[in-house]
Amino acid sequence: MLDLTTRINEASAYVRAKSAGREWRVFIVLGSGLGGLAKQAQNAVHIPYSDIPHFAQSTVAGHSGQFVVGDLFGVPVAMMQGRVHFYEGHPMWQVTLPVRVAKAMGAEMMIVTNAAGGINRAFDVADVMLITDHINFLGLAGQNPLIGPNDDTLGPRFPEMTQPYDAELCEWARQAAKVNGVNLREGVYAGVSGPFFESPAELRMLRAMGADAVGMSTVNEVVAARHGRMRVLGFSGITNVARLSADEGPPPTHEEVMEASPKIAPKLSAIVQGVLQQWKSSHS
Ligand code: HPA
């Protein structure tokens, strides 16, 4: 079996060869129904996951499955248009391989987005939540990309997660939201495996633990990114109200999640634009 570093090197070499010499330092993961941001990229090169060595295929509706390398709001970026999830049956190393590849190619910042159920009762459908911290439900129980031998060239054996979401980047996001009149919510994201939507008792448990939103992704990518010391910024688009009791309303569906996304995407786009502008001015 090939080791992780060999896989990272082979995948990065392929992406580099297809990227027409582009250099980028910002990596953006687009969640369910949020792939539209990739269409705003200029001079874009599209690299399907199916062509990249060792990459898993995205099988979920709303996730198209390609790397998009181009200029977003004047900043060179690589975007994952569609992610792969643990619940699709991919091992954790493969779920997080794109993050490892991004790091190997020189990414310094990851902006990660997802669709999530709102646990916090102050949240409305179509709100955007800045992720200030997370509960890695699976990860704490041993399902995470760092299980197994550690490659010290990728990161330390015992990385710390004191501040997974970068304080300065969060501040840029708050400013960008303010300037654009977006009522940016903030909170803790609970990462679970899915693919089932949670039971009311499970949701009440997550609320009691301090979670404001729940979703089936993101935390694995964030652990891999922080292992590699990338700076991380995260957003949840609240696509549905997580029902804390069975009589609170109809059960959530993937269709409901997809329907909310078009209302979330423009807000997210405005915030990402503001953050990238700040990034650009701090790097020029
Ligand atoms: N639960 C888990 N994941 C989700 C949800 C939810 O309610 N909505 C969107 N992704």
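Residues numbered from 1 in each chain as written. Predicted model: local features only at pLDDT ≥ 70, side-chain atom pairs only at ≥ 80, totals over all residues. Heavy atoms only, no water.

**Re the overall build of the chain**
Heads up, the condition is: Starting at the N terminus, helices and strands are each numbered in turn, a helix being any DSSP run of H or I of at least four residues and a strand any DSSP run of E of at least two. The globule rule is 2.2 Å times the number of residues to the power 0.38, and the radius of gyration it is compared with is taken over C-alpha atoms. For each residue, the accessible area found with a 1.4 Å probe, counting protein chains only, is set against the maximum for its type, and the residue is called buried under 20%, exposed over 50%, and partly exposed in between. Two residues qualify as a contact provided that any one of their heavy atoms is within 4.5 Å of a heavy atom in the partner residue. Surface exposure here means Shrake-Rupley accessible area, sampled with a 1.4 Å probe, where a residue is shielded only by the protein chains that are shown. Charged residues are defined here as Lys and Arg on the positive side and Asp and Glu on the negative side; His and the ends of the chain fall outside this count. For charged residues, the charge sits on one atom: NZ in Lys, CZ in Arg, CG in Asp, CD in Glu.
Counting its secondary structure elements, the chain contains eight helices and nine strands. Over its C-alpha trace the chain gives a radius of gyration of 18 Å, about what one expects of a compact globule, namely 19 Å for 284 residues. Looking at the 284 residues of the chain, the share that counts as buried comes to 54%. Taking contacts inside the chain between residues at least 6 apart in sequence as the whole, the part at least 24 apart equals 83%. Working note: accessible area of the chain is about 11,800 Å², and carbon and sulfur atoms make up 54% of it. One finds the centroid of the 23 positive side-chain charges in the chain at a distance of 4 Å from the centroid of its 26 negative side-chain charges.

**Remarks on the packing of aromatic side chains**
Definition in use: Pairing of aromatic rings covers Phe, Tyr and Trp, the last through its six-membered ring, and needs centres within 6.5 Å; plane angles under 30 degrees mean stacked, over 60 mean edge-to-face, and all others mean tilted.
For the structure on display, the rule yields five aromatic pairs. Each ring, one from Tyr 49 and one from Phe 67, has its centre 6.3 Å from the other, and the planes form 75 degrees; the classification is edge-to-face. Here the residue Tyr 49 occupies a position in the loop between β2 (42-48) and β3 (66-72), and Phe 67 occupies one in strand β3, the gap between them amounting to 18 residues. Pair check on accessibility: Tyr 49 and Phe 67 agree, each one buried.

**As for a nonpolar patch on the surface**
Heads up, the rule is: In this analysis, a patch consists of residues with relative accessible area above 30% that form no salt bridge, clustered at 9 Å for like charges and at 5 Å for the nonpolar side chains Val, Leu, Ile, Met, Phe, Trp and Tyr. Here, a salt bridge means any side-chain nitrogen of Lys or Arg that lies within 4 Å of a carboxyl oxygen of Asp or Glu.
Taken together, the side chains of Phe 137, Met 205 and Met 209 make up a nonpolar region of the molecular surface, amounting to roughly 250 Å² of accessible area. Looking at the secondary structure, you find Met 209 in helix α6 (residues 200-209). A residue is classified by how much of its surface remains accessible, and Met 209, at 42% relative accessible area, is partly exposed.

**Observations regarding empty space enclosed by the protein**
Selection rule: Definitions used throughout: a 1 Å grid over protein atoms alone; a cavity as a set of points that fits a 1.4 Å probe which cannot get out; a pocket as an open set with protein on both sides within 12 Å along at least five of seven lines; a lining residue as one with an atom within 4 Å of a point. Grid points are joined across faces, edges and corners, and a volume is the space filled by probe spheres set on the points.
This structure, assessed with the given rule, holds one cavity of 30 Å³ or more. Its boundaries defined by the atoms lining it, the largest cavity holds a volume of some 40 Å³. If you go around the largest cavity, the residues you meet are Leu 30, Leu 34, Gly 36, Leu 37, Ala 265, Leu 268 and Ser 269. Top contributing element to the lining of the largest cavity by residue count: helix α8 (residues 254-282), with three residues.

**Quick word on the pattern of salt bridges**
Evaluated as defined, the whole model comprises 10 salt bridges. Where Arg 231 meets Asp 166, a salt bridge forms, and the shortest distance between an N and an O atom there is 2.9 Å. Of this pair, Arg 231 sits in strand β9 (residues 231-241) while Asp 166 sits in the loop between α4 (137-140) and α5 (167-179), placing them 65 residues apart in sequence. Overall, Arg 231 belongs to the partly exposed group, its relative accessible area being 24%. Judged by its relative accessible area of 17%, Asp 166 falls in the buried class. Note that Glu 186 is salt-bridged to Arg 174, the shortest N-O span being 2.5 Å. Here Glu 186 is found in strand β7 (residues 185-191), whereas its partner Arg 174 is found in helix α5, with 12 residues between them in sequence. Among the residues examined, Glu 186 registers a relative accessible area of 34% and is labelled partly exposed. Since its relative accessible area comes to 28%, Arg 174 is described here as partly exposed.

**Describing the site of the ligand**
The criterion, for reference: Being near a molecule or strand, for a residue, comes down to having at least one heavy atom within 4 Å of it. By the criterion applied in these results, polar contacts are pairs of N or O atoms within 3.5 Å in which, for protein atoms, one can donate a hydrogen and the other can accept it, and in which residues neighboring in sequence qualify only through two side-chain atoms. Under the scheme applied here, ten amino acids are nonpolar (Ala, Val, Leu, Ile, Met, Phe, Trp, Tyr, Cys and Pro), four are charged (Asp, Glu, Lys and Arg), and all others, including Gly, are polar.
What surrounds the ligand is the set Ala 115, Ala 116, Gly 117, Phe 197, Glu 198, Val 214, Gly 215, Met 216, Thr 239, Asn 240 and Val 257. Asn 240 has a polar side-chain atom sitting 2.6 Å from a nitrogen atom of the ligand. Across the complex, the protein chains shield 94% of the 260 Å² of accessible surface that the ligand would expose by itself. Listed by contribution, the elements that provide at least two residues to the shell around the ligand are β5 (109-118), β8 (213-215) and β9. Counting residues per element, the shell around the ligand draws most heavily on β5, which supplies three residues. Among the residues forming the shell around the ligand, the class breakdown is six nonpolar, four polar and one charged.

**Some points on the packing of helix α1 (residues 4-18) against helix α3 (residues 97-104)**
We count it as follows: Each axis is a line fitted through C-alpha atoms, and for a helix only the stretch in contact is used; angles between axes span 0 to 180 degrees, taken between their N-to-C directions. Under this scheme an angle from 65 to 115 degrees is roughly perpendicular, one under 35 degrees roughly parallel, and one over 145 degrees roughly antiparallel; angles in between are oblique. Crossing handedness is read from the near helix: turned anticlockwise from the far helix by less than a right angle, it gives a left-handed crossing, and turned clockwise, a right-handed one.
One can describe the packing of α1 onto α3 by two numbers: an axis separation of 9 Å at closest approach and a directional angle of 65 degrees. For the element pair α1 / α3, the angle class is roughly perpendicular. In the crossing of α1 with α3, the sense of the turn from one axis to the other is right-handed. Of the residues in α3, those in contact with Leu 4, Arg 7, Ile 8, Ala 11, Ser 12, Val 15 and Arg 16 of α1 are Leu 97, Arg 100, Val 101 and Ala 104. Taken together, the residues of the contact of α1 with α3 break down into seven nonpolar, one polar and three charged.

**Topic: the nonpolar core**
Put simply, the test is: The set of buried Ala, Val, Leu, Ile, Met, Phe, Trp, Tyr and Cys residues whose side-chain atoms join them within 4.5 Å is what this entry labels a nonpolar core.
Core analysis: the largest hydrophobic core is formed by 72 residues, its most contacted members being Phe 27, Phe 67, Met 110, Ile 111, Phe 235 and Ile 271. Examining the composition of this core, we find that eight residues originate from one element, α8, more than from any other. Excluding residues that lie within four positions of it along the chain, Met 110 makes contacts with Phe 27, Val 29, Val 99, Glu 221, Val 222, Ala 225, Met 230, Arg 231, Val 232 and Leu 233.

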